[in-house]
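Residues per chain, in single letters:
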Amino acid sequence: MNKWVIFKNSIDNLIDPNQTENEIKKKWSDLLKSFNGYRPNHLINLLILLDKGQAVDKSKILDHGCGAGYALFFLASKGYSNIWGIDVDETERHSLRKNACNKIFKIILNTKHDRILQYDGKKTEFLDSSFDYIFSQQVIEHVNSKLLNSYISEEIRLLKDNGFVLHQIPHRLGPYEGHTKKWFIHWLPQNLYYYLLRNDIKSLKLVKRELFLRWPWQLKNYFKKHFKNVDNVVNLRL
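Residues numbered from 1 in each chain as written. Predicted model: local features only at pLDDT ≥ 70, side-chain atom pairs only at ≥ 80, totals over all residues. Heavy atoms only, no water.

Draft legend 1. Just helix H3 (residues 44-52), in detail. Of all the residues in H3, the buried ones are Ile 44, Asn 45, Leu 46, Leu 47, Leu 49 and Leu 50. Residues of H3 that are buried in the fold lie against strand E1 (61-64), helix H4 (70-77), strand E4 (131-137) and strand E5 (159-168). (Buried < 20%, exposed > 50% of the residue type's maximum accessible area, 1.4 Å probe, protein only. Helix = DSSP H or I, 4+ residues; strand = E, 2+ residues; numbered from the N terminus. Contact = heavy atoms within 4.5 Å.)

In structure tokens:
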């Protein structure tokens, strides 16, 4: 089994609401031993960036669109304690997950503050220039173009002057589209794309309402309008 899947399963097991604080601490300690030295490939660019930065205990990090919180737990396992996550999901399932994660973070990070917060996709409660690092993984392709400016503007507001923003974004040029698990058809004109998905209702709904794939040059040009320095660091994962 993929080691990242094992790590996620370990986190899911950790946030069982019926566990005592001592049981949580014991499982966390065991997890730290099991994944000591582990560096998942999909987080390698972030880890390389953090390696070059300041001391672990001084880095304030935001996961912009943190989902189930797995990346935050991984960072916690590497000693990062000033970690935060925000997400826009308002479903009951996500709310329960958020509360469960916050309970665990309070124990393993010895903090009184919730570390995963819900927001409206536009403005967070954090002060200006709060973060040294902001990262997101496979989030922007789900942000409608009408909301993209708000999404990026909030990152600009939250980032320190010498801070870094890292986005991992599936784009339209890739031949395999991981959300629909289809090859090439996302290259086609929209009407034909929809037609070929007509028998896959779930994927068709996703593509129409929640998936906004862009070409890589469109993304780079967009970031250049908002940030002083923009680099494509996908080669680091190779």
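Draft legend 2. Layout of the packing of aromatic side chains. All told, the structure shown has 17 aromatic pairs when counted by the stated rule. Seen in terms of ring centroids, Phe 35 and Tyr 38 are 5.8 Å apart; in terms of plane orientation they differ by 55 degrees. Their pairing is tilted. Residue Phe 35 is classed as buried on the basis of its relative accessible area, which comes to 5%. Seen in terms of ring centroids, Tyr 222 and Phe 223 are 6.3 Å apart; in terms of plane orientation they differ by 70 degrees. Their pairing is edge-to-face. Take Phe 223: its relative accessible area is 12%, and that puts it in the buried class. Counting every residue linked through ring pairs, the aromatic cluster contains Trp 4, Phe 7, Phe 35, Tyr 38 and Phe 74. Between Lys 60 and the ring centre of Phe 131, over which it is positioned, the NZ or CZ distance is 5.0 Å. (Phe/Tyr/Trp six-rings, centres within 6.5 Å; stacked < 30°, edge-to-face > 60°. Lys NZ or Arg CZ within 6 Å of the ring centre and 35° of its normal.)

Draft legend 3. How the structure looks around the layout of surface pockets. Here the second largest pocket defines a volume of roughly 300 Å³. Along the wall of the second largest pocket there are 15 residues; nearest its centre are Arg 172, Gln 190, Leu 211, Phe 212 and Leu 213. Of the residues belonging to the lining of the second largest pocket, the class tally is nine nonpolar, four polar and two charged. (1 Å grid on protein atoms, 1.4 Å probe; cavity = no way out; pocket = protein on both sides within 12 Å on 5 of 7 lines; lining within 4 Å. Points joined across faces, edges and corners; volume = space filled by probe spheres on them. Nonpolar A, V, L, I, M, F, W, Y, C, P; charged D, E, K, R; others polar.)

Draft legend 4. Quick peek at unusual backbone geometry. In this model, Lys 181 sits at a positive phi of 60 degrees, which is unusual for a non-glycine residue. Assignment of secondary structure puts Lys 181 in the loop between strand E6 (176-177) and strand E7 (182-183). Judged by its relative accessible area of 58%, Lys 181 falls in the exposed class. A positive phi angle is found at Phe 184, which is not glycine, with a value near 70 degrees. Inspection of the secondary structure assignment puts Phe 184 in the loop between E7 and helix H7 (190-196).

Draft legend 5. Looking closely at the environment of Asp 132. By the secondary structure assignment, Asp 132 is in strand E4. What makes Asp 132 buried here is its relative accessible area of 7%. Those residues in contact with Asp 132 that lie beyond four places of it in its chain are Gln 54, Lys 58, Ser 59, Lys 60, Leu 159, Lys 160, Gly 163 and Phe 164. Within polar-contact distance, the side chain of Asp 132 engages the backbone nitrogen of Lys 60 at 2.9 Å. (Polar contact = N/O pair within 3.5 Å; in protein donor to acceptor, adjacent residues only side chain to side chain.)

Draft legend 6. Broad picture of the sheet that holds strand E2 (residues 83-87). As summarised here, the arrangement of the five strands in space is E3-E2-E1-E4-E5, forming an open sheet in which the pairing is parallel. The strands lining the two open edges of the sheet, one partner per strand, are strand E3 (116-118) and E5. Sheet twist, expressed as the average angle between the axes of neighbouring strands with direction ignored, equals 20 degrees. Taken strand by strand, helix H5 (residues 92-108) contacts E2 and E3, and its axis lies near 150 degrees from that of E3. (Pairing = 2+ DSSP bridges. Axes fitted to C-alpha atoms, helices over the stretch in contact; angles between N-to-C directions.)

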